[in-house]
Amino acid sequence: MAETDYVKLISAEGHEFIVDRNAAVVSGTIKSMLQGPGTYAETSQGEIRFPEISTKTLEKTVQYFYYKLKYTNNKDGPLPEFKIEPEHALELLMAANYLDA
């Protein structure tokens, strides 16, 4: 099982996001798929398909992974706002719930 520095996340429409592994494991679900015991194909391939998550939602979720990675344990004052368009809030909430992010 070769571990790489990047993970490929694939949306329902087939759009591929190449994400730093440290950012991707902000998600408890992705972390379990990549590091957990068992025979997840994702563990060996470093590629995860999300047939229920649209490209726009997965893109915003990936942005959040990097935001969370950057600002976790931030001691430089208040965090900048992570902007979410109201029309996408429900979809993002459902994706965040599924991804444990």
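Given the structure is predicted, the values throughout are model-derived calculations rather than measurements.

1. Side note on the packing of aromatic side chains
This model, assessed by the stated rule, comprises five aromatic pairs. Ring geometry for Tyr67 against Tyr71: centres 5.0 Å apart, planes inclined by 55 degrees, an arrangement best described as tilted. Here Tyr67 pairs with Tyr71, and both are found in helix H4 (residues 55–71), just four residues apart, close to one helical turn. Take Tyr67: its relative accessible area is 17%, and that puts it in the buried class. Ring-pair connections join several aromatic residues into one group, and the members of that group are Tyr64, Tyr67, Tyr71 and Phe82. One cation-aromatic arrangement involves Lys60 over Phe82; the distance from NZ or CZ to the ring centre is 5.0 Å.

2. Considering helix H5 (residues 89–99)
Quick reminder: α-helices carry 3.6 residues per turn. Residues three or four places apart thus point the same way. Buried residues of H5: Leu92, Ala95 and Leu99, and no others. The buried side chains of H5 occupy one side of the element, clustering within an arc of 65 degrees when seen end-on. When the buried face of H5 is taken as reference, the exposed residues oriented beyond 90 degrees from it are Leu90, Leu93, Met94 and Asn97. Along its buried surface, H5 packs onto helix H2 (28–35) and H4. Just past H5, the residue Asp100 takes up positive phi, approximately 55 degrees.

3. Topic: the packing of H4 against H5
Taken N-terminus to C-terminus, the directions of H4 and H5 make an angle of 60 degrees; their axes are 10 Å apart at the nearest point. Relative to H5, the element H4 is oriented oblique. The handedness of the crossing between H4 and H5 is right-handed. In contact with Thr57, Lys60, Thr61 and Phe65 of H4, H5 contributes Glu91, Leu92, Ala95 and Leu99.

4. Looking at the sheet that holds strand S2 (residues 16–20)
Strand-to-strand pairing in sheets goes through backbone hydrogen bonds, with the strands running parallel or antiparallel. Pairing in this open sheet of three strands is mixed, and the strands run S2-S1-S3 from one edge to the other. The two strands at the open ends of the sheet, each matched to only one other strand, are S2 and strand S3 (47–49). Neighbouring strand axes in the sheet, compared pairwise and without regard to direction, differ in orientation by 25 degrees on average. Bridge count between strand S1 (residues 6–10) and S2: five bridges; the pairing is antiparallel. Residue Leu9 lies in a different strand from S2, and its bridge partner there is Phe17.

5. Considering the side chain of Thr57
Tracing the sequence through the fold places Thr57 in helix H4. A distance of 2.9 Å separates a polar atom in the side chain of Thr57 from a polar atom in the side chain of Glu91. Residues contacting Thr57, with those up to four places away along its chain left out, are Glu91, Leu92 and Ala95.

What counts as what
Residues numbered from 1 in each chain as written. Predicted model: local features only at pLDDT ≥ 70, side-chain atom pairs only at ≥ 80, totals over all residues. Heavy atoms only, no water. Phe/Tyr/Trp six-rings, centres within 6.5 Å; stacked < 30°, edge-to-face > 60°. Helix = DSSP H or I, 4+ residues; strand = E, 2+ residues; numbered from the N terminus. Buried < 20%, exposed > 50% of the residue type's maximum accessible area, 1.4 Å probe, protein only. Lys NZ or Arg CZ within 6 Å of the ring centre and 35° of its normal. Arc of directions from axis to C-beta. Contact = heavy atoms within 4.5 Å. Axes fitted to C-alpha atoms, helices over the stretch in contact; angles between N-to-C directions. Parallel < 35°, antiparallel > 145°, perpendicular 65-115°, else oblique. Left-handed = near helix turned anticlockwise from the far one by under 90°. Pairing = 2+ DSSP bridges. Polar contact = N/O pair within 3.5 Å; in protein donor to acceptor, adjacent residues only side chain to side chain.

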